[in-house]
Amino acid sequence: RLGYFIAVLNYAKNKGGLIEDKHVPSYENLNVSEEAREPRVVDGREVQRLLFCLPKLQSQMVRFALATGLRVTNVKLLRWSEVQGGMLDIAGSKMKSGKRLRVPLSENAVDILSHMLEAQNGRSQGCEYVFTKRNGKPISERTSVTNRVWQRACERAEIGSVRFHDLRHTWATR
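Residues numbered from 1 in each chain as written. Predicted model: local features only at pLDDT ≥ 70, side-chain atom pairs only at ≥ 80, totals over all residues. Heavy atoms only, no water.

Student: Any details on the pattern of salt bridges? Residues and values, ideally.
Tutor: Taken as a whole and judged by the stated rule, the model has six salt bridges. The salt bridge partner of Arg 100 is Asp 89, with a shortest N-O separation of 2.6 Å. You can see Arg 100 sitting in the loop between β2 (87-90) and β3 (101-104) and its partner Asp 89 sitting in strand β2, a full 11 residues away along the chain. On the basis of relative accessible area, Asp 89 is assigned to the buried category, the value being 14%. Notably, a salt bridge pairs Asp 89 with Arg 102, separated by 3.2 Å at the nearest N-O pair. In this pair, Asp 89 sits in strand β2 while Arg 102 sits in strand β3, placing the two residues 13 residues apart along the sequence. Residue classification places Arg 102 among the partly exposed residues on the basis of a relative accessible area of 44%. Within this structure, Asp 89, Arg 100 and Arg 102 form a network of salt bridges that share partners. (Salt bridge = Lys/Arg side-chain N within 4 Å of Asp/Glu carboxyl O. Helix = DSSP H or I, 4+ residues; strand = E, 2+ residues; numbered from the N terminus. Buried < 20%, exposed > 50% of the residue type's maximum accessible area, 1.4 Å probe, protein only.)

Student: Tell me about the packing of aromatic side chains, and name the residues and values.
Tutor: Considering all chains together, one arrives at two aromatic pairs under this definition. On the basis of an interplanar angle of 45° and a centroid distance of 5.9 Å, the ring pair of Trp 150 and Phe 164 is categorised as tilted. Of the two residues, Trp 150 sits in helix α6 (residues 148-157) while Phe 164 sits in helix α7 (residues 164-172), which places them 14 residues apart along the sequence. The two residues Trp 150 and Phe 164 agree in class, both being buried. (Phe/Tyr/Trp six-rings, centres within 6.5 Å; stacked < 30°, edge-to-face > 60°.)

Student: Explain the sheet that holds β2 to me, using residue names and the numbers behind them.
Tutor: An order of β1-β2-β3 is seen for the three strands of this open sheet, with the pairing classed as antiparallel. Edge positions in the open sheet fall to β1 (83-84) and β3, since each of these has one partner strand only. The sheet contact formed by β1 and β2 spans two bridges and is antiparallel. From the neighbouring strand, Val 83 faces β2, where its bridge partner is Leu 88. (Pairing = 2+ DSSP bridges.)

Student: Break down the confidence of the model for the protein chain for me, with residues and values.
Tutor: For the protein chain, the average pLDDT comes to 85, and 84% of its residues sit at 70 or higher. The element-level mean pLDDT for the protein chain is lowest in helix α1 (residues 2-14), coming to 70, with helix α2 (residues 44-53) highest at 96. (pLDDT = per-residue confidence, 0-100.)

Student: Talk me through the state of the cysteines; I want residue IDs and the actual numbers.
Tutor: By the definition in use, this model includes zero disulfides. Of the cysteine sulfurs around Cys 53, a residue in no disulfide, the closest is that of Cys 154, at 8.8 Å. Cys 53 gets classed as buried once you look at its relative accessible area, which sits at 13%. (Disulfide = S-S within 2.5 Å.)

Student: Can you tell me about the environment of Asn 108, naming the residues and giving the values?
Tutor: Checked against the element boundaries, Asn 108 lands in helix α5 (residues 107-122). Taking the C-alpha atoms as reference, Asn 108 lies 8.5 Å from Arg 63; in sequence the two are 45 residues apart. Residue contacts for Asn 108: discarding those within four places in its chain leaves Arg 63 and Ala 67. (Contact = heavy atoms within 4.5 Å.)

Okay, here's the thing in structure tokens:
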């Protein structure tokens, strides 16, 4: 998006002199936010250290994201009804692309789901959502998974700044 904006400014400068050079920033002079940085692939040792440093629920969510490539919102709001016969079947209305997503589950993903179900059953909770807090309630849609706990875990794991979305890129490289 930022690139488009600069392209428009350059067009205005180059075609007709509508704007002066000094008013057109270059990429080097822009203060790009953390969210706009290049995706990062997290290596296996970094993943293991992060998993060790995270609380159990977030650790399971990270493992599941690495096993499926799902975005954080889709992991956070995954319902048991969307897990069907070794597949995830997520409605388009819940997807960024607007298209229905059907994902075959790897053995690792199935193990994570089994663990979550076992934990919920052990607490006698008939939960609608896969990833729930100890009280059986889902993580709020507004709750950031990469909050202070996440940041501290990244610091303790000595892996620098890792966004949850980086896990999606990590999954894509495996």
